[in-house]
Amino acid sequence: ASTDDPTDKSSDGDGEVNRLLAKTLVCTIWMTSLCYADNPVTRVGQVAPDFTLTDPAGQTLSLRDLEKTPVMVVAFLGCECPLVTNLYATRLENISRQYAQAGLRVVAINSNIQDGIDDMRSFIDKQQITYPLLKDLDGRVAEAFGATRT
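Nothing here was measured: the structure is a model prediction, and the numbers come from that model.

A. Broad picture of the nonpolar core. In this structure, Leu77, Leu92, Phe123 and Tyr131 are the most contacted members of the largest nonpolar core, which totals 17 residues. Per-element accounting of this core gives the leading share, 5 residues, to helix H2 (residues 82-99). In this view, phenylalanine 123 contacts Leu77, Gly78, Cys79, Val84, Thr85, Ala89, Gln128, Ile129 and Leu133; residues no more than four positions away in its chain are not counted. Listed in part, the 10 residues of the second largest apolar core include Leu66, Val107, Ile109 and Val141.

B. Representation of the confidence of the model for the chain. With 69% of its residues at a pLDDT of 70 or more, the chain shows a mean pLDDT of 79. No element of the chain has a lower mean pLDDT than helix H1 (residues 13-35), which averages 52, and none a higher one than strand S5 (residues 133-135), which averages 97. Of the regions scoring below 50 in pLDDT, residues 6-11 engages in 9 contacts with residues more than four places distant in sequence or in other chains. Note on residues 30-38: pLDDT under 50 across the span, and 8 contacts to partners over four residues away in sequence or across chains.

C. Inspection of the packing of aromatic side chains at higher detail. One pass over the structure, following the stated rule, counts 2 aromatic pairs. When the centroid spacing of 6.2 Å and the interplanar angle of 55° are considered together, the rings of phenylalanine 51 and phenylalanine 145 count as tilted. Linking phenylalanine 51 in the loop between H1 and strand S1 (52-54) with phenylalanine 145 in helix H4 (residues 140-145), this pair joins segments that are 94 residues apart in sequence. In terms of burial, phenylalanine 51 and phenylalanine 145 fall into one category: buried.

D. A nonpolar patch on the surface, seen in detail. Nonpolar side chains collect at one region of the surface, where Leu83, Leu87 and Tyr88 lie side by side and expose about 300 Å² of accessible area between them. Along the polypeptide, leucine 87 turns up in helix H2. Owing to a relative accessible area of 49%, leucine 87 belongs among the partly exposed residues under this scheme.

E. Examining helix H3 (residues 117-127) more closely. Within H3 the residues assigned to the buried category are Met120, Phe123 and Gln127. Along the axis of H3, the buried positions cluster into a sector of 60°, meaning they face one direction only. Exposed and oriented more than 90 degrees from the buried face of H3 are Asp118, Asp125 and Lys126. In this fold, the buried residues of H3 make contact with H2, strand S4 (104-110) and S5.

F. Molecular detail of the pairing of S4. Of all 7 residues in S4, 6 are buried; the element is thus mostly enclosed. Inspection of the sheet shows strand S3 (residues 71-76) paired to S4 by 6 bridges, in the parallel sense. Residue pairing for S4: methionine 72 is matched across the bridge by arginine 105. For the segment spanning S3, H2 and S4, crossover handedness is right-handed. Across 3 bridges, the pairing between S4 and S5 is parallel. For isoleucine 109, the partnering residue across the bridge sits in S5 and is leucine 134.

Definitions and cut-offs
Along each chain, numbering runs from 1 in the same order as the chain's sequence is written. Only residues with pLDDT of 70 or above have their local features reported here, since the model is predicted, and side-chain atom pairs are shown and tallied only from 80 upward, although totals for entire chains, interfaces and linings are computed over all residues. Calculated side-chain values reflect all of the structure's heavy atoms, with hydrogen atoms and water omitted. Here, nonpolar core refers to any group of buried Ala, Val, Leu, Ile, Met, Phe, Trp, Tyr and Cys residues whose side-chain atoms link them within 4.5 Å. Note on classification: 1.4 Å probe, protein chains only; a residue is buried when its accessible area is under 20% of the maximum for its type, exposed when over 50%, partly exposed between these limits. Working definition: helices are DSSP H or I runs of at least four residues, strands are E runs of at least two. Numbering for both runs from the N terminus. Any two residues whose heavy atoms approach within 4.5 Å at even a single point are treated as in contact. Values of pLDDT, ranging from 0 to 100, describe the predictor's confidence in every residue of the model. Two aromatic rings, drawn from Phe, Tyr or Trp (for Trp, its six-membered ring), form a pair once their centres lie within 6.5 Å of each other, and the interplanar angle then sorts them: stacked below 30 degrees, edge-to-face above 60, tilted otherwise. A residue counts toward a patch only above 30% relative accessible area and without a salt bridge, and it is joined to like-charged neighbours within 9 Å or, for Val, Leu, Ile, Met, Phe, Trp and Tyr, to nonpolar neighbours within 5 Å. With residues, only the protein chains shown are counted as cover, and all accessible areas are computed by Shrake-Rupley using a 1.4 Å probe. The rule for a salt bridge is simple: a side-chain nitrogen of Lys or Arg has to be within 4 Å of a carboxyl oxygen of Asp or Glu. The arc in question is the one traced by the directions running from the helix axis out to the C-beta atoms. The criterion for strand pairing is that DSSP finds at least two bridges linking the strands in question. Here is how to tell: hold the view so the strands point away, follow the path from the first strand over the helix to the second, and if it runs clockwise the crossover is right-handed.

Take a look at the structure:
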């Protein structure tokens, strides 16, 4: 019998797929940190810079609100990027749902000047994401994390 537990050690395919996905996520985060090795705040395992941002519904979320979260993925997403709209947003949603019981939390931040609140609302609806998408109006959070637009 398969379970949704990512730590499932059973010999069925689901357990193996979950372990492979977890390894892929860790490897991707690690490789991303190597790309920004000159910026210490982007390195995996270090304390992330604090932030307090608001989502399109007006809800405020702070990194302090998430300090008890065992594993957190902070992703910088733009509403117009084809990679985000076609791949990353949905993949992050799948990861968020699949590993929620294991304590993983996804938080997305939009620092793009051209993306307004209405754009973000449309993006959330179209992509059917349930994780928070927060607006970094002045780009300070992106700068603190060392995020760059690609």
